[in-house]
There are 2 protein chains.
Amino acid sequence: MSKYQTSNKTQLALIEAAGELAAEKGFGTVTTRAIADRAGENIGSIHYHFGGRDQLLEAVLRYVAQDWIDNPLDQYIADCDLAEKTGQAEALRRAVVRFADMLFDDEKPEWHSRAVYQVLQYPSPLHDIFREIIMNREHEQVEQLLLKIDSDLSKEMLVLHFNLLLSPLITHSDYRGAILPRLNQPTYSREYLQALVDQCVEQSLLRYRLPLD
Amino acid sequence: MSKYQTSNKTQLALIEAAGELAAEKGFGTVTTRAIADRAGENIGSIHYHFGGRDQLLEAVLRYVAQDWIDNPLDQYIADCDLAEKTGQAEALRRAVVRFADMLFDDEKPEWHSRAVYQVLQYPSPLHDIFREIIMNREHEQVEQLLLKIDSDLSKEMLVLHFNLLLSPLITHSDYRGAILPRLNQPTYSREYLQALVDQCVEQSLLRYRLPLD
DNA sequence: ACTAAATTTAATCGATCGATTAAATTTTGC
DNA sequence: GCAAAATTTAATCGATCGATTAAATTTAGT
C-alpha cells in the first residue's frame, strides 16, 4: 500500500475536495460521491486509500491540524521577555496575530479555517479527535502565556480568559457568511482585519493593565 | 386544516423534537424518522402539518425566533438614561445580561440556543430566514445603543463592536461541548456565567471609557 | 350518538447514501 | 518492455432518506 507516486496525488485531491465541501456544507452532510466528483476521482478510491468516508474526514482534520502544529505559539513569542510588562503585552499581541493568521490568511485555502472549528459543535468522533490534536494544545499554549501575565488565574478562569482573548476571531471565522453581508464585502478587508486584531489586543491589554504601547 | 385541538399539540411535539435533534446533530443531518420517533408521532404528520422536512425545520427556527422577538433589548434598557455615561454603562450591562439570558437561561430548553446560531454557518434557506427574522433585529438594537455611546462609529465598526461585545457569549454557547469538558462541569455554573458576563461588560466599559460602577 | 371533516397511521415509492466487488488500467522494479 | 504489484474504474449491493398514498382513526358540531 502507498507504493506508487500517483497514490499521494489522489489522496491529496480527495482530502482537499472533502475539506472544501465540509467547509461549504458541514462535515455531516458531505457525501462520498460529491467528494469524488469534485476531486475528479472515483468513489472506490476513497475506500481504497482511507478505508471509508469517516476516515477520509478524519484525514481532512489531521491535514488541517498539521498547519496549527507547524506554527506553535511558542515560536511566535520566543523573543518576548515575559518577565517584563512590555514583553507580555507584545506576546499577547502576537498570540492574537497568530490566531488571526491561522483563520484569515488568504494564502491558506478558506476551507482550512472554515472546516476546523465546526466539528466542535456536535458530539462526534471527529470532535474528540480535534480536541485531542488541536484544541488542547492551543489552550495550553495560550493559558501558559496568560499565567505569566496573571499568576492568580484559576484553571476555570484560564478557560474563560482564553475565550475573552480570541472569541471575536472565532465568531468572525464561523459566521463570516452572516457578517460579510452586513459589511457589504465579499471578504474581510485588510483594514477590517487589522481593526479586529487591534481591538482584540487592546481590550486584553486593558483587562490585564498592560502598557498599550 | 388546523381545526382540531390535537393538531396544535402534534405540531408542537414535532417542533420540539426537531429542535432537540437539530441542536444535537445539526439541522442538515436531522431525519424525518428520527423526529417522528422522538416526538412519538408519525412521519406522515410532518408532511401533513408542515409540508415536509425543510418546512418543519423552518418552523423550528421561527419558533425560537419568537422568544427573541418577545424580549427586545429596548424593553431591557427602557429606564436607562442614555444621555448619561452611567446610564450608557448600565444599558451595556443589560444588553450583555439579556443576551446571556437568551443563550444560557436554564428555564429555556437547551436546544433553543444550540439550534439557533448554527444555521448561520452554512449557506441555506434557513440561513437567510434567520438573518431576516432574528439577526438583523439584534444587530440593529445593539448598534443603536453603541451609537449612543460613541456616535463616531462607522457602519463597519458597528459590526465589529457588536462582535467585540457579545462574541464570548456566542462561543460559549456554540462550543459548550468543547468548553465544558475543559471546565470539568456538566453545565456552566452560575458563578462561571456571572464571571463571563462581568468580563464581557467590563472589557466593553473599558473600551468606551465608561464608568465601571 | 351520528356524521362529516380532520388527523393519524402503516405501507410503499423512487432516489441516494456508504460500501463492496471484480475487472481494467497504470505504475514501478527489473 | 515485461511482469508483478498497486491503483483506478464501473457496476452493484443493502440500507435509509424524504415523500406519498389510501385506509383507519379521532375529533367536534349537531
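Counting restarts for each chain, with residues numbered from 1 along the sequence as it is written. The naming scheme follows written order: chains are lettered A onward, ligands numbered 1 onward. Per-residue local features are limited, in this predicted model, to residues with pLDDT of at least 70; the limit for side-chain atom pairs, both in listing and counting, is 80 or more; totals at the level of whole chains, interfaces and linings are taken over all residues. Note: side-chain values were computed over all heavy atoms of the structure, leaving out hydrogens and water.

*Asks:* What is the right way to read the relation of the copies chain A and chain B from this model?
*Replies:* The pair of chain copies shares a relation made of a rotation about an axis and a shift along it. Residues below a pLDDT of 70 in either copy are left out; the C-alpha atoms of the rest, at least 70 in both, set the least-squares superposition of the copies. Superposition of chain A onto chain B requires a rotation of 180 degrees combined with a translation of 0.0 Å along the rotation axis, giving an RMSD of 0.0 Å. Taken together, these values place the two copies in the relation of a two-fold axis. When checking whether two residues touch, look at their non-hydrogen atoms; a contact exists if any pair is within 4.5 Å. Here 100% of the contact residues of chain A are again contact residues in chain B; the copies associate through an equivalent surface.

*Asks:* Help me out: how do you make sense of the protein's contact with DNA strand D in this one?
*Replies:* Note on definitions. A residue lies near a molecule or strand when any single heavy atom of the residue is within 4 Å of it. Near DNA strand D you find 23 residues, and of these A:Tyr4, A:Thr10, A:Tyr48, A:His49 and B:Thr32 are the closest. Backbone sugar and phosphate groups make up 63% of those atoms of DNA strand D lying within 4 Å of the protein. What qualifies as a polar contact is a pair of N or O atoms within 3.5 Å, subject to a donor-acceptor requirement within protein and to the restriction that residues adjacent in sequence count only when both atoms come from side chains. Within the contact set of DNA strand D, a phosphate oxygen lies 3.3 Å away from a backbone nitrogen or oxygen of B:Val30. Elements represented by at least two residues in the surface near DNA strand D include exactly α1 (5–25) and α3 (43–50) of chain A together with α1 (5–25) and α2 (32–39) of chain B. Numbered from the N terminus, helices here are DSSP runs of H or I no shorter than four residues, and strands are runs of E no shorter than two. Looking at the surface near DNA strand D, the element that brings in the most residues is α3(A), giving four residues.

*Asks:* What exactly am I supposed to notice about unusual backbone geometry here?
*Replies:* Not every positive phi belongs to a glycine, and A:Arg209 is a case in point at roughly 55 degrees. Structurally, A:Arg209 can be placed in the segment after α11 (190–207).

*Asks:* Please clarify how the pattern of salt bridges should be interpreted in this entry.
*Replies:* Pairing between side chains of opposite charge can happen when the charged atoms of each approach one another. Salt bridge, as used here: a side-chain nitrogen of Lys or Arg that lies within 4 Å of a carboxyl oxygen of Asp or Glu. Counted by the stated rule, this structure contains 24 salt bridges over all chains. The shortest N-O distance in the salt bridge between B:Asp54 and B:Arg53 comes to 3.0 Å. Judged by relative accessible area, B:Asp54 falls into the exposed class, the value being 52%. What emerges from the salt-bridge pattern is a single network uniting A:Glu20, A:Glu24 and A:Arg38. Only protein chains enter the accessibility calculation, which uses a 1.4 Å probe. A residue is then buried if its area is under 20% of the maximum for its type, exposed if over 50%, and partly exposed in between.

*Asks:* Looking at this structure, how should I read the interface of chain A and chain B?
*Replies:* Interface size is often expressed as the accessible area that is lost when the parts come together. Contact residues are listed per partner, giving 52 residues for chain A and 52 residues for chain B. Throughout, the accessible surface (probe 1.4 Å) given up by two parts as they are put together, summed over both, is called the buried area. Among the residues of chain A in contact with chain B, A:Tyr122, A:Tyr175 and A:Arg182 are the three that bury the most area, contributing 17% of the side total. Linking chain A with chain B are four salt bridges, by the criterion used here. Across the pair B:Glu202 and A:Arg209 runs a salt bridge whose closest N-O atoms are separated by 3.5 Å. Counting the contacts that link chain A with chain B gives 14 residue pairs in polar contact (both at pLDDT 80 or more). For the side of chain A that touches chain B, the secondary-structure elements that each account for two or more residues are α1, α7 (110–118), α8 (125–149), α9 (155–174), α10 (176–183) and α11 of chain A.

*Asks:* I keep staring at the layout of surface pockets and nothing clicks. Help me out?
*Replies:* Rolled over the atoms, a probe with the dimensions of a water molecule shows which regions are left empty. Of the grid points, spaced at 1 Å and generated over the protein atoms alone, those admitting a 1.4 Å probe that cannot get out make up cavities, while open sets with protein on both sides within 12 Å along at least five of seven lines make up pockets; any residue with an atom within 4 Å of a point is treated as lining. Grid points are joined across faces, edges and corners, and a volume is the space filled by probe spheres set on the points. By volume, the largest pocket is sized at about 1,100 Å³. Lining the largest pocket are 39 residues, and of these A:Gly28, A:Thr29, B:Lys25, B:Gly28 and B:Thr29 sit closest to its centre. Amino acids are sorted into nonpolar (Ala, Val, Leu, Ile, Met, Phe, Trp, Tyr, Cys and Pro), charged (Asp, Glu, Lys and Arg) and polar (every other residue, Gly among them). Of the residues that constitute the lining of the largest pocket, the class distribution is 16 nonpolar, 13 polar and 10 charged. Each pocket or cavity is described by its volume, and for the second largest pocket that value is around 580 Å³. The wall of the second largest pocket is formed by 24 residues, among which A:Ala100, A:Phe104, A:Asp105, A:Asp106 and A:Leu193 lie closest to the centre. For the lining of the second largest pocket, the secondary-structure elements that each account for two or more residues are α6 (85–104), α7, α10 and α11 of chain A. Of the residues that constitute the lining of the second largest pocket, the class distribution is 11 nonpolar, five polar and eight charged.

*Asks:* In this structure, what is going on with the protein's contact with DNA strand C? I would like to understand it.
*Replies:* In the region of DNA strand C, 23 residues are neighbours, and A:Gln5, A:Thr32, B:Thr10, B:Tyr48 and B:His49 sit closest. Counting only the atoms of DNA strand C that lie within 4 Å of the protein, the sugar and phosphate share comes to 63%. Interatomic distance of 2.9 Å between a backbone N/O atom of A:Gln5 and a phosphate oxygen of DNA strand C. Of all the elements in the fold, those that place two or more residues in the surface near DNA strand C are α1 and α2 (32–39) of chain A together with α1 and α3 (43–50) of chain B. At four residues, α3(B) tops the list of elements feeding residues into the surface near DNA strand C. Of the residues that constitute the surface near DNA strand C, the class distribution is five nonpolar, 14 polar and four charged.

*Asks:* Hey, could you run me through the domain arrangement of chain A in this one?
*Replies:* All names here are of chain A. Annotation of chain A at the domain level lists domain 1 (2–61) and domain 2 (71–207). Relative placement of domain 1 and domain 2: their C-alpha centres are 28 Å apart. Residue-level contacts link 12 residues of domain 1 with nine residues of domain 2. Summing the contributions of domain 1 and of domain 2, the shared interface buries around 920 Å²; its carbon and sulfur component is 78%. Broken down residue by residue, the surface that domain 1 buries against domain 2 is led by Ala23, Phe27 and Leu61, which jointly contribute 61%. Along the contact surface separating domain 1 from domain 2 lie zero salt bridges. The tally of links from domain 1 across to domain 2 stands at zero residue pairs in polar contact (both at pLDDT 80 or more). Domain ranges listed in this record stem from an automatic or a database domain assignment.

*Asks:* I keep staring at empty space enclosed by the protein and nothing clicks. Help me out?
*Replies:* Per the counting criterion, the structure on display carries two cavities of 30 Å³ or more. When its volume is computed, the largest cavity comes out at roughly 100 Å³. Lining the largest cavity are 13 residues, and of these B:Tyr117, B:Leu120, B:Met135, B:His139 and B:Phe162 lie nearest its centre. The set of elements that each furnish at least two residues to the lining of the largest cavity consists of α10 of chain A together with α8 (125–149) and α9 (155–174) of chain B. If you tally residues by element for the lining of the largest cavity, the top one is α8(B), at five residues.

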